[in-house]
Amino acid sequence: MPFSKLMAAYSRQTGHELNTLRFVYDGTSISKRHTSESLGIENGETIFCFKLRHKNTQEKIIINIFSRMINKSIQFKIAKRTSFNKLMATYSRRTGHELNTLRFVYDGTSISKRHTSESLGIENGETIFCFKLRHKVIKK
């Protein structure tokens, strides 16, 4: 029987999300598809569980970016502590507009590449507005 049920039960009992846990036997990371037979685990042997503490455990939210240029919203899933640099570049590429011709605004605040959703207090499902500037922004 695969370890998926055992892992889910352990996750529920400890109150930790499954994607934040790593199960290890004899130096081998255990996946949900592994079985005791495939790993050679015998009765009474120990599986170790570690709590992960890295980027993958960051809370992610969905942010909508709305623009009248394309007259629709585009959704992005982003970690709350990730800077908007990559999000802005991706939006620019998807819409075909040069990044230096766009202005992103949330709740009246112009968003810089260094901002994060956490620093601006943006919650899951909220909307950022994107406006096309009349002139390119040229940084010296």
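Going along each chain's sequence as written, the residues are numbered from 1 onward. For a predicted model such as this one, the threshold for reporting local features is a pLDDT of at least 70, and the threshold for listing and counting side-chain atom pairs is 80 or more; totals across whole chains, interfaces and linings nevertheless cover every residue. Only hydrogens and water are removed before side-chain values are computed, so all heavy atoms of the structure are retained for them.

### A look at the packing of aromatic side chains
- Centre distance within 6.5 Å is the pairing criterion for rings of Phe, Tyr and Trp, where only the six-membered ring of Trp is used; planes under 30 degrees apart are then read as stacked, over 60 as edge-to-face, and the remainder as tilted. One pass over the full model with this rule turns up four aromatic pairs.
- Taken together, a centroid distance of 6.2 Å and an interplanar angle of 80° make the contact between Phe 66 and Phe 129 edge-to-face. On the criterion of sequence distance, the pair formed by Phe 66 in strand β4 (residues 60–67) and Phe 129 in strand β8 (residues 127–132) is long-range, its members being 63 residues apart.
- We call a residue buried when its accessible area falls under 20% of the maximum for its residue type, exposed when it is over 50%, and partly exposed in between, using a 1.4 Å probe and counting protein chains only. By relative accessible area, Phe 129 is classed as partly exposed at 40%.
- Aromatic side chains Tyr 91 and Phe 104 sit 5.6 Å apart centroid to centroid with 80° between the ring planes, which places their arrangement in the edge-to-face category. Of this pair, Tyr 91 sits in helix α3 (residues 85–95) while Phe 104 sits in strand β6 (residues 102–106), placing them 13 residues apart in sequence. Note on accessibility: Tyr 91 and Phe 104 belong to one class, buried. The helix and strand labels rest on DSSP assignments: H or I over at least four residues marks a helix, E over at least two residues marks a strand, and numbering proceeds from the N terminus.

### Considering the pattern of salt bridges
- Here, a salt bridge means any side-chain nitrogen of Lys or Arg that lies within 4 Å of a carboxyl oxygen of Asp or Glu. Under the defined criterion, the tally for this structure stands at two salt bridges.
- Notably, a salt bridge pairs Arg 81 with Glu 118, separated by 3.4 Å at the nearest N-O pair. Here Glu 118 lies in helix α4 (residues 117–120) and Arg 81 lies in the loop between β5 (72–79) and α3, a separation of 37 residues in the sequence.
- For Arg 81, a relative accessible area of 59% puts it in the exposed group.

### A word on the side chain of Asn 64
- Along the chain, Asn 64 turns up in strand β4.
- The buried category is assigned to Asn 64, whose relative accessible area is 12%.
- Here Gln 75 takes part through its side chain, which lies 3.3 Å from a polar atom of the side chain of Asn 64.
- The contact criterion used is simple: two residues touch if any of their non-hydrogen atoms lie within 4.5 Å. Setting aside anything within four residues of it in sequence, one finds Asn 64 in contact with Ser 73, Ile 74, Gln 75, Gly 125, Glu 126, Thr 127 and Ile 128. Here a polar contact means two N or O atoms within 3.5 Å. Within protein one must be a hydrogen donor candidate and the other an acceptor candidate, and residues neighboring in sequence count only if both atoms are side-chain atoms.

### Points about the sheet that holds β4
- Pairing is mixed across the open sheet formed by five strands, whose spatial order is β5-β4-β8-β6-β7. One side of each edge strand has no neighbouring strand; the edge strands of this open sheet are β5 and β7 (109–110).
- Whether two strands pair comes down to DSSP finding at least two bridges between them. Inspection of the sheet shows β4 paired to β5 by eight bridges, in the antiparallel sense. Residue pairing across strands places Ile 61 opposite Ile 78, the latter belonging to β5.
- Angles shown run from 0 to 180 degrees and are taken between the N-to-C directions of axes, each axis being a line fitted to C-alpha atoms and, for helices, limited to the stretch in contact. Its contacts with the sheet place α3 against β4, β5, β6 and β8, and it is angled at close to 150° to β5.

### Quick look at the nonpolar core
- Ranked by internal contacts, the top residues of the largest apolar core, which has 18 residues, are Ile 65, Phe 84, Tyr 91, Phe 104, Ile 111, Ile 122 and Ile 128.
- Ignoring any residue separated from it by four or fewer positions in sequence, one finds Ile 111 in contact with Phe 84, Met 88, Phe 104, Val 105, Tyr 106, Leu 120 and Ile 128.
- Definition used in this section: a nonpolar core is a set of buried Ala, Val, Leu, Ile, Met, Phe, Trp, Tyr and Cys residues joined via side-chain atoms within 4.5 Å. The next biggest cluster of nonpolar side chains, apart from the first, holds eight residues, and it includes Phe 3, Met 7, Ile 30 and Ile 41.

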